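For reference, the chains in residue letters:
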Amino acid sequence: MITHDVVIVGSGLAGLRAAIEMAGKVDVAVVSKVYPSRSHSGAAQGGVAAAMANSSDDSVESHFFDTVKGSDYLADQDAAEIMTRDAPVTITEMERLGCVFSRDEKGRIAQREFGGHSHPRACYAADRTGHALLHTLFEQSMKHKAAVTYYSEWYLLSLIYEEGSARGITMMNIRTGELEVVRAKTVLFGTGGYGRAFKITSNAFACTGDGVMTAYRAGIPLEDMEFVQFHPTGLYGQGILMSEAARGEGGYLVNGKGERFMDKYAKSKMELAPRDIVSRAEQTEINEGRGIGGKDFVHIDLRHLGREKIIERLPQIRQLAIDFLGVDCIDKPIPIQPTAHYSMGGIPVDVDCQVITDEKKTKARGFFAAGECSCVSVHGANRLGTNSLLDACVFGRRAGKAALDYTLSARHESVNEAAELGKARKRLDALLSTPETESANDIRNELKETMSNHAGVYRGAEGLLVAKAALKLLRERFKSVRVTDKGKLFNTELVEALELSNMLEYSEIIVEGALARRESRGAHARTDFPKRDDANWLKHTLARKNADGSVSLGYKPVVITKYQPEERKY
Amino acid sequence: MRYALYTGCVAKGAGRELLTATTYAAERLGIQLNEMKDASCCGAGVVDDDNRLLADSMNARTFSLAEASGLDIMTICGTCQGVMRAAQKKIDGNPDYKARVNAALLKDTGRVYAGKVKIKHFYQIIHEDYGLENLAARVTVKLAGLKVAPFYGCYVLRPHEYSDVKVPDRPDYLEKFIETLGATPVDYPEKLKCCGFPILMSNKTNSLQLSGNAILGAIKAGADCIVTPCPLCQLNMDSYQPEIEAILERKLGLPILHYPQLLALALGATLDDVKTNTHIVRPNKALHEASD
Amino acid sequence: MAEVRFLVSKYNSETDAKPRLQEFRLDPPQGATLLDCLNLIKWKLDGTLSFRMSCRSAICGSCAVRVNGHARLACKTQAADAVIDGRVTIEPLGNMTLIRDLVVDLEPFWASVEKVRPWLVPDDSKKYERERLQSHHDQLKIDAASTCIMCASCFSDCNVMEVDPKFLGPAALAKAQRFVFDTRDAEKWDRLELLGQIHGMWDCTHCAECSTRCPTDAKPLERITELRRAAMAAGMTDNNAARHVLGFRESIGGFKGIGGSGMLNENYLPVRSMGLSIGGILSLIPVGLRMFARKKNPPLIPHVIEKVGEVRKMFRRFDEYNKEGEK
């Protein structure tokens, strides 16, 4: 058994930011199934929001309101206020840590327009902002290497959570296959999102909701899991992200008839409406036969921006379209379609990132979560672009501070190492000794097909019921999934099977939540309940695992401090 | 066919046999060469480590000299070729930079680089302009039985964006050339690697270990000799072969030929004609037999 | 696409003595990347095939492998572009120890990066209320290096690394450039000092494998030459390599009133490189004698080009060229 004061799981922006906050003050470990620089925070492109007011008369107030409105009023306003208030200082800190931001003519951090934001608020580093931020923290992690222990390429197997307190984790060294128990006073998850369950997704292969599901299996409820954001500009067929910065810089969305169709859906903001609205607009155009050539994609046209602007501000997306579709956006429009992108839901936490375990907001002792795996909730039913990097930085920082305070006065609680290892071993052995009949690949493909078809941009009761039944069958089939690799070293087939088990289970939670929520709000668009229903559904879903493995749903109220819900128009 | 011959420094210094062999081969092939007596050193990538604009402007001066003569440039050194082509592509690809280069050039020399001149290594000229079929017709001594390991040298291959070689990861210029001369090309893993010469003065062990690996690779593949279009590779692998042997703790004794030397041998030159007697590693039995 | 033969390296350090190439036949779908193909092989043909991957959009740096002998990101390479005569060879990265199939031990790579102290040491002499200011022009100087995704492709194919595992290597040097040229960093000189030591920036041979394999704009060789120019401009020339550069400058362009020849003086250069080191100069004697014996030694009276005055004039304005080149 390994012992640390704090074990952080996940080495993206939230996890690393928290680690730096605590480095040198307590004994911190960072566990990740990848090396820190591989984390998916690095794939974020367009920017990070903060009311720096460098190129406008922006204010925290305005950012706060835009975030709440963008969330379709499901965001907890105390949390959204804190995030937007902390934004400028958090970004300033990142700059001071060395982040390479693009600059304006006065040498300040440059800011650009983004969907749903009323001011140019997105601080950016060309179109690789996440990469710039992640590598800044990766650099800091090397600076603090003496004070922080890194367990890179270790896979999280379970959260040890008993009697209301987190006591550690079990994990597997991917490189050697060995199992370990880490005992800690404090466990902090920054394990990212769960977008891999969809056929078209911008998410990395790693985004399989491991942390979220580990918490869920330990008895923590999950909040608002049905809210999955579909990004309007995924590269056709691949789902690879084409930054919203492409629209922020002035790109047009065009349908098969050559029309800029957004005027039908968001007359004043056009392409810069929030993502839920733009994705639905695209899907409607496609569904009604106005995709390009009648197919399931539309175009984003950047040609009028000119070569120079594209090369300076959108170099990465230009290269991606060249590499994956052979399309140079200087000369041709890029084929795009909505792509599963961001998980608004996750592990419920308070504004200091301490995990809460019920409708009454009872705190879990020694358990914190930040970033995409958590649900504060600052994004409510729909996240605004550039608020996710902000969320990870702001709440990574807050989580670090709060977890530090907690840890300084906490002590290690008892952990039964043998029992924990036994449970982990049993789970792995079950996978390694199945009769080897079912292909994980088939199950995964069917899962993704099911989720995209029935729990995608538009959802209806009929499709969701089909999905529910299909998922049940898939989970049954998974019990005899084939893991042919029986070796210990770098057994990625085993890791993928573990990830698939998470994907299957959280997909069920998404579907259950979506089925129950008989309204349309933000990213959750029901064809059979097309209107928002504040009277019945202005509340957060809490999904909990029943003893028999099924999902039970509860709800908790939305925190409304300043802005009463009103109709959302752009 | 007439070219402005850019000799580079080595062919005028420690590798004079390169110029001798070049002159011999060009004469036999009917390629006219006007030596550029007013051209400067290309900078060998080293002046670039010091002052980029100066390095590029110095090369632009060389280009403008050739342009004034109305001839394209023929190089006989892989490093000169690579450095000058890189300079040319950087200048041609950026109008603003070209303006700065020309402003400096005009001020100091009264010259301007227009952008017309072509720069080709001797071996490109043989392949692209002269033609291997024509060469085959001129070969008088079939180097039959001789196993030759081609060693390309970095500068003509990399970075790819500056290279003239069509598929720089799988070049076949030298192999086809060797075959045309009647000899047998030998494949080995190090043929596209670095000889280490640029760091000879600062990290001799690393430098010579790199050359040693290449020589050893060629020997393991059964080569009788190495042929290279770059005299710096030749210098490192030949002049320092005794030191290399000390580092590797084994005898090597592999002759290292300049590209034009092998060419001249096939066109009827004797080993003395191409001055292999100036090499540190003397011609071995296979080389004697093949060129007799 | 027609059926392609994928020759993929398989190895398990627990059971195998050495890696072998295993053939898989696959008909890659239209537009498939090599990563797509590796996944198809893993998911349909051989579940035991192990490799790293994550983002599949060329930003996480996980999936670098050697394709037909050279390092590339599998996710950024179209299968159709990698096929040679119906085949593609996929092997692990070089210069690192193999663990399993296409998975190498990256620890030496990370260790090399850590050696350059890759974090900003803020220059706090100026106070700013908010972010520190940095001009667009200054930011562009560190833009290219900051695009590095740490995929280790350059490290894998670096020629010097093959003979000297202590060499800092291209990724670490590119990373160092990003701090040396960062106007916000306080340790530029200390960094250059560190990088100027043995196994540092001067040990690069310019083989350009790094820039050729680099999948981003980081292009390490370019960054290394920028570091060298910075050291030269700062007069940090007390080492053989920097003196070698001075030897070029002086023999081509002239030095202290002695006119340059427009060419390299191959007699002067080695001696100049050794500085005042008697051992260094003595080390030149065997090769010198050897070359002399073969009449291979460079002429004692240096060859001077015609119209050398033009070149000398350019070198007299050395600093102005440097300044103009900076723009």
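Residues numbered from 1 in each chain as written. Chains lettered and ligands numbered in written order. Predicted model: local features only at pLDDT ≥ 70, side-chain atom pairs only at ≥ 80, totals over all residues. Heavy atoms only, no water.

**Description of the overall build of chain A**
Helix and strand counts for chain A stand at 15 helices and 20 strands. Scaling as 2.2 N^0.38, a compact globule of 570 residues should have a C-alpha radius of gyration of about 25 Å, and chain A matches this with 22 Å. For chain A, the spread of C-alpha atoms along the three principal axes comes to 65 × 55 × 50 Å. Across the 570 residues of chain A, 70% fall into the buried class. Considering only contacts within chain A whose residues lie at least 6 apart along the sequence, 74% involve residues at least 24 apart. Working note: accessible area of chain A is about 17700 Å², and carbon and sulfur atoms make up 49% of it. Between the mean site of the 75 positive side-chain charges and the mean site of the 76 negative ones, chain A shows a separation of 0 Å. (Helix = DSSP H or I, 4+ residues; strand = E, 2+ residues; numbered from the N terminus. Rg over C-alpha atoms; globule rule 2.2 N^0.38 Å. Buried < 20%, exposed > 50% of the residue type's maximum accessible area, 1.4 Å probe, protein only. Contact = heavy atoms within 4.5 Å. Areas by Shrake-Rupley, 256 points an atom, 1.4 Å probe, with all protein chains shown as cover. Lys, Arg positive; Asp, Glu negative; His and termini not counted. Charge placed at Lys NZ, Arg CZ, Asp CG, Glu CD.)

**Let's talk about the environment of Phe230 of chain A**
All names here are of chain A. Position of Phe230 relative to the elements: it lies in strand 11 (residues 228–235). Along the primary structure Phe230 and Ile200 are separated by 30 residues, whereas in three dimensions their C-alpha atoms are 9.4 Å apart. Those residues in contact with Phe230 that lie beyond four places of it in its chain are Phe198, Arg275, Ser279, Pro338, Thr339, Ala340, His341, Ala455, Gly456, Val457 and Arg459.

**Concerning helix 3 (residues 107–115) of chain C**
Along helix 3 of chain C, the positions that sit buried rather than exposed are Phe109, Trp110, Ser112 and Val113 of chain C. Buried residues of helix 3 of chain C fall within an arc of 155° about the axis and therefore sit on the same side. (Arc of directions from axis to C-beta.)

**Digging into the sheet that holds strand 12 (residues 252–254) of chain A**
All names here are of chain A. In spatial order, the strands read 11-14-13-12; together these four strands make up an open sheet with antiparallel pairing. Each having just a single partner strand, strand 11 and strand 12 make up the two edges of the open sheet. If you compare each strand with its neighbour and ignore which way they point, the axes differ by 45° on average. The pairing of strand 11 with strand 14 (residues 334–343) spans six bridges and is classified as antiparallel. Its bridge partner lying in strand 14, Gln229 is registered against Tyr342. Contacts between helix 9 (residues 315–325) and the sheet are confined to strand 11 and strand 14, with strand 11 contributing the most and set at about 75° to the helix. (Pairing = 2+ DSSP bridges. Axes fitted to C-alpha atoms, helices over the stretch in contact; angles between N-to-C directions.)

**Describing unusual backbone geometry**
At the junction of Val376 of chain A and Ser377 of chain A, the peptide bond is cis and its omega measures out at 0° in the coordinates. With respect to the secondary-structure elements, Ser377 of chain A resides in the loop between strand 18 (374–375) and helix 10 (387–408). Not every positive phi belongs to a glycine, and Thr386 of chain A is a case in point at roughly 75°. You can see Thr386 of chain A is positioned in the loop between strand 18 and helix 10. Looking at Thr386 of chain A, the relative accessible area reads 4%, which means it is buried. Even without a glycine there, the phi angle at Asp101 of chain C is positive, about 45°.

**Description of the nonpolar core**
Counting 171 residues, the largest nonpolar core has Ile73 and Ile226 of chain B together with Phe6, Leu34, Phe109, Leu195 and Phe248 of chain C as the members making the most contacts within it. Considering each element in turn, this core owes the most residues, eight residues, to helix 2 (residues 52–69) of chain B. Non-local contacts of Ile226 of chain B, meaning those with residues more than four positions away in its chain, are made with Ala149, Phe151, Tyr188, Ala214, Ile215, Ala218, Met237, Leu254, Pro255, Ile256 and Leu257 of chain B. Counting 131 residues, the second largest nonpolar core, distinct from the first, contains Phe101, Ala215, Cys393 and Val551 of chain A. (Core = buried A, V, L, I, M, F, W, Y, C linked by side-chain atoms within 4.5 Å.)

**Structural notes on the domain arrangement of chain C**
All names here are of chain C. Assigned domains within chain C: domain 1 (4–103), domain 2 (107–126 + 133–233) and domain 3 (240–326). Just the C-alpha atoms count here: the centres of domain 2 and domain 3 sit 28 Å apart. The interface is formed by four residues belonging to domain 2 together with six residues belonging to domain 3. Both faces combined, the contact of domain 2 with domain 3 buries some 450 Å², and carbon together with sulfur accounts for 68% of it. Three residues, Lys141, Trp202 and Met232, lead the burial of domain 2 against domain 3; their summed loss comes to 79% of the area buried on that side. Our count for the domain 2 to domain 3 interface comes out at zero salt bridges. Between the two partners, domain 2 and domain 3, sit zero residue pairs in polar contact (both at pLDDT 80 or more). Within the side of domain 2 that touches domain 3, the residues separate by chemical class into two nonpolar, one polar and one charged. (Domains from an automatic or database assignment. Buried area = accessible area lost by both parts, 1.4 Å probe. Salt bridge = Lys/Arg side-chain N within 4 Å of Asp/Glu carboxyl O. Polar contact = N/O pair within 3.5 Å; in protein donor to acceptor, adjacent residues only side chain to side chain. Nonpolar A, V, L, I, M, F, W, Y, C, P; charged D, E, K, R; others polar.)

**Re the packing of aromatic side chains**
One pass over the structure, following the stated rule, counts 20 aromatic pairs over all chains. Look at Phe64 of chain A and Tyr563 of chain A: their rings are 5.1 Å apart centre to centre, the planes differ by 65°, and that puts the pair in the edge-to-face class. One end of the pair, Phe64 of chain A, is in helix 2 (residues 60–70); the other, Tyr563 of chain A, is in the segment after strand 20 (551–557), with 499 residues separating them in the sequence. Given a relative accessible area of 14%, Tyr563 of chain A falls into the buried group. Measuring from ring centre to ring centre gives 6.0 Å for Phe122 of chain B and Tyr259 of chain B, while their planes differ by 70°; the resulting arrangement is edge-to-face. Of this pair, Phe122 of chain B sits in helix 5 (residues 122–130) while Tyr259 of chain B sits in helix 11 (residues 259–266), and the two are 137 residues apart along the sequence. In terms of burial, Phe122 of chain B and Tyr259 of chain B fall into one category: buried. Counting every residue linked through ring pairs, the aromatic cluster contains Tyr35 and Phe138 of chain A together with Phe109, Trp110 and Phe155 of chain C. Across the ring face of Phe205 of chain A, the terminal group of Arg196 of chain A is positioned such that the distance to the ring centre comes to 4.2 Å. When the ring centre of Phe181 of chain C is taken as origin, the NZ or CZ atom of Lys188 of chain C, which lies over that ring, is 5.7 Å away. (Phe/Tyr/Trp six-rings, centres within 6.5 Å; stacked < 30°, edge-to-face > 60°. Lys NZ or Arg CZ within 6 Å of the ring centre and 35° of its normal.)

**Considerations on the interface of chain A and chain C**
Taken residue by residue, the interface counts 61 residues in chain A and 63 residues in chain C. Buried area between chain A and chain C, both sides added, is near 5400 Å², and the carbon and sulfur share of it is 49%. At the junction of chain A with chain C, the criterion picks out 10 salt bridges. Two residues, Asp485 of chain A and Arg100 of chain C, come together in a salt bridge whose shortest N-O distance is 2.7 Å. Inspection of the chain A/chain C interface yields 35 residue pairs in polar contact (both at pLDDT 80 or more). Of all the secondary-structure elements, those providing two or more residues to the side of chain A that touches chain C are helix 3 (77–96), helix 4 (129–143), helix 9, helix 12 (440–454) and helix 14 (492–516) of chain A. Broken down by element, the residue count for the side of chain A that touches chain C peaks at seven residues, all from helix 4 of chain A.

**Some thoughts on the interface of chain B and chain C**
Taken together, the contacts link 71 residues of chain B with 66 residues of chain C. Of all residues in chain B, the largest losses of buried area upon contact with chain C belong to Asp49, Asp50 and Met201 of chain B, amounting jointly to 12% of the total for that side. Salt-bridge contacts for Glu209 of chain C lead to Arg158 of chain B; the nearest nitrogen and oxygen are separated by 2.9 Å. For the interface between chain B and chain C, the tally reads 35 residue pairs in polar contact (both at pLDDT 80 or more). Class assignment for the residues of the side of chain B that touches chain C results in 26 nonpolar, 22 polar and 23 charged.

**Structural notes on the sheet that holds strand 2 (residues 32–35) of chain B**
Residues and elements named next belong to chain B. What the four strands build is an open sheet, ordered 2-1-3-4; its pairing is parallel. Across the chains shown, the open sheet's two edge strands, defined by having one partner strand only, are strand 2 and strand 4 (119–121). Taken pair by pair, the neighbouring strands of this sheet meet at an average axis angle of 40°, ignoring direction. Note that strand 1 (residues 2–6) and strand 2 share four bridges and pair parallel. Residue pairing across strands places Ala4 opposite Asn34, the latter belonging to strand 2. Across the sheet, helix 3 (residues 78–92) lies against strand 1, strand 3 (73–75) and strand 4, angled at about 155° from strand 4, the strand it touches most. Here helix 5 sits on the sheet and contacts strand 1, strand 3 and strand 4; the angle it forms with strand 4, its principal contact strand, is near 95°.

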